Structure formats: C-alpha cells, structure tokens
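In case you want the letters, here they are:
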Amino acid sequence: MHGASAHRKLNMNSALRRQVLRNLTTDLIKYGRLETTVPRAKELRRLADKMITLGKRGTAHDRNQIQAYLYQPKTVVPLLMDTYAKRFADRPGGFTRVVPIGHRKGDHAPMAMIEILNTETPEAEVSFSYLVRSLANMQIKEGSKIVDRALNPVFDAKAVPPVQRMFKRALDEHKAKEKFAMKIKKAMRNAHLSAEQLQEYVDKDVKHVMELDANEQSKKINEYVKEIWPENAPNLK
C-alpha cells in the first residue's frame, strides 16, 4: 500500500518541477503577486511560506538556504529578511492567499491569483479589490446602497412559493448570501474598516464602472458612425 504523496507532481519530472517552482517562488517574492494555475498556486503557497519563515529567522544558515533555492538572491534576500520579516513579525504563518479567478481560455484550466498578504494596507490586496467589485456590480444591478443589506441577509419564508423545490432553492441562495456576508466581515476586520468606509469604496468603484461603461458605449457609437459615414465622420462624445 502506497503512502500519501508529499507534494503535487504537476505533470512534470522532478528536475523541471523544481525549476518551475523556483522561478514562480522568486517572482512571487519579488513582485508580491502572480497569476498561475490552481495546482501550481497551492504548491507555490507552501514554498513561499517556507521562504518567508526562513527570512523571519534571519540567521546565516537561513540566508544560505534562501540563496541556494531562489534565483536573483541580491533582490529577494533583502525583501525576505527585511521587508517581509518586519511585515509578518507578529504572524506565525499563512503569509499568502490564493484567489480563484476563473478558467483559462483554450484548455479551460482553473486559474488563480496568489499574493503575499499586505498587513499594512489590506485594501491594496487583490482579494479586497474583487470583493469591492462584486459589491459594486450588485449595487449597480439593484440601484441602492448594498453593504448594509449584504452584511445582514434576511430570509423571508413567506415570500417563497409553497413548493419544496422552490423553497430549497431559496434556502440555498440564502446560505450563499450568509457565506458572502462572512467574507465581507472578514475583509472589513482585516482592513480595519467600518461598513460606512466600505460603502465609500463601493461607491467609488460604482462610479468608475459607470465611467468605463459610458466610454465603451461612446466608442461603439463612434465605430458605428464611421461604418455608415466613412468620410468626414463626426466625433460623437
């Protein structure tokens, strides 16, 4: 009987897998975030946390281990032993976050964004930006302030038709809303934000999305006018 595998094989031989993971770990520590497939991101999280832990210890032996594994040691060693060591001085582990971002066009591989946590400015993290954009889309769709209602979802059993299938669907939707509310509360706690401050972020993003939509619509109108009026077409804004 075979024992459990120590790590993911990633459909590569050992030499290629080590080289790819060394490259990805170096880039993650250097740039703070990167986009890759979900299996690689999960394997990368283990290695990045190990490198940051070595940087926090800061001994000569730990420095040698970092230099032996990572590329570009002149760039990444100061980051690990100075920047990240100070940032995570009071944090025992869990220095990275993996955020699913959908599937890759072509082979439909599940993709993820892996990033090193920013405890100083949590609102700069990708996961926080995704949360704000989700709330902004909900607010545009419903046409009213969304944060308070998203934090306190209400299940109205009387509004659901007395059919078992419909009731189960409504109950599942309510559970999903409760799970999303827990995610919002966790993000607010990490970023030290109140509901009013989060609503301000959402309002700014709504304004930004509306401006993007308006610019896109204006671009489509100008392209249509150029098609039907090829010579001296007016510029409609």
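Please read these numbers as outputs of a predicted model, since none were measured by experiment.

In terms of helices and strands, the chain carries eight helices and three strands. Across the 237 residues that make up the chain, the buried fraction comes to 35%. For the chain, restricting intrachain contacts to residue pairs at least 6 apart in sequence, the fraction spanning at least 24 positions comes to 60%. Carbon and sulfur atoms make up 53% of the accessible area of the chain, which amounts to about 15900 Å² in all.

With that settled, consider the nonpolar core. Counting residues in each nonpolar core, the largest one holds 31 residues, and the members touching the most others are Met51, Leu70 and Leu80. Put simply, the parts of the chain that give this core at least two residues each are helix H1 (14-31), helix H2 (38-57), helix H3 (60-69), helix H4 (73-87) and strand S3 (110-116). Those residues in contact with Leu80 that lie beyond four places of it in its chain are Ile29, Met51, Ile52, Gly55, Lys56, Ile66, Leu70 and Ala85. In this structure, Ala136, Ala191, Leu193 and Val202 belong to the second largest nonpolar core, which totals 19 residues.

This next bit is on H2. Quick reminder: α-helices carry 3.6 residues per turn. Residues three or four places apart thus point the same way. Helix length check: H2 (20 residues) gives 29 Å between terminal C-alpha atoms against 28 Å at 1.5 Å per residue, within 8%. Of all the positions in H2, only Val38, Ala41, Glu43, Leu44, Leu47, Ala48, Asp49, Met51, Ile52, Leu54 and Gly55 are classed as buried. Those residues of H2 that are buried are in contact with H1, strand S1 (33-37), H3, H4, strand S2 (96-103) and S3. Looking one or two residues past H2, Gly58 carries a phi angle of roughly 75 degrees, positive in sign.

The geometry of an aromatic ring pair comes down to the distance between the two centres and the angle between the two planes. Applying the stated rule across the entire model yields three aromatic pairs. Ring geometry for Phe88 versus Phe95: centroids 4.9 Å apart, planes at 50 degrees, classification tilted. The exposure class of Phe88 is buried, given its relative accessible area of 0%. When the centroid spacing of 5.5 Å and the interplanar angle of 85 degrees are considered together, the rings of Phe128 and Tyr201 count as edge-to-face. Here the residue Phe128 occupies a position in helix H5 (residues 126-142), and Tyr201 occupies one in helix H8 (residues 195-228), the gap between them amounting to 73 residues. Assessed through its relative accessible area of 6%, Phe128 is described here as buried. On the basis of relative accessible area, Tyr201 is assigned to the partly exposed category, the value being 30%.

We now examine the sheet that holds S3. Here three strands make up an open sheet; going across it, the order is S1-S3-S2 and the pairing antiparallel. Each end of this open sheet is capped by a strand with a single partner; those strands are S1 and S2. The sheet shows a mean angle of 25 degrees between the axes of neighbouring strands, direction not considered. With five bridges connecting them, S1 and S3 associate as antiparallel partners. In the strand pairing of S3, Thr36 is matched with Ala112.

As a further point, take the layout of surface pockets. If you add up the space inside the largest pocket, you get close to 570 Å³. In this structure, the largest pocket is lined by 23 residues; those nearest its centre are Arg97, Glu125, Ser127, Ala187 and Asn190. Among the secondary structure elements, those contributing two or more residues to the lining of the largest pocket are S2, H5 and helix H7 (164-191). At seven residues, H7 tops the list of elements feeding residues into the lining of the largest pocket. Taken together, the residues that form the lining of the largest pocket break down as eleven nonpolar, six polar and six charged. Put simply, the second largest pocket is a space of about 410 Å³. Residue lining of the second largest pocket: 16 residues in total, with Met138, Glu142, Arg149, Pro153 and Lys177 positioned closest to the centre. Among the elements that line the lining of the second largest pocket, the one with the most residues is H7, at five residues. Tallied by class, residues from the lining of the second largest pocket come to eight nonpolar, two polar and six charged.

So, how was this worked out
- Residues numbered from 1 in each chain as written.
- Predicted model: local features only at pLDDT ≥ 70, side-chain atom pairs only at ≥ 80, totals over all residues.
- Heavy atoms only, no water.
- Helix = DSSP H or I, 4+ residues; strand = E, 2+ residues; numbered from the N terminus.
- Buried < 20%, exposed > 50% of the residue type's maximum accessible area, 1.4 Å probe, protein only.
- Contact = heavy atoms within 4.5 Å.
- Areas by Shrake-Rupley, 256 points an atom, 1.4 Å probe, with all protein chains shown as cover.
- Core = buried A, V, L, I, M, F, W, Y, C linked by side-chain atoms within 4.5 Å.
- Expected span 1.5 Å × (residues − 1).
- Phe/Tyr/Trp six-rings, centres within 6.5 Å; stacked < 30°, edge-to-face > 60°.
- Pairing = 2+ DSSP bridges.
- Axes fitted to C-alpha atoms, helices over the stretch in contact; angles between N-to-C directions.
- 1 Å grid on protein atoms, 1.4 Å probe; cavity = no way out; pocket = protein on both sides within 12 Å on 5 of 7 lines; lining within 4 Å.
- Points joined across faces, edges and corners; volume = space filled by probe spheres on them.
- Nonpolar A, V, L, I, M, F, W, Y, C, P; charged D, E, K, R; others polar.

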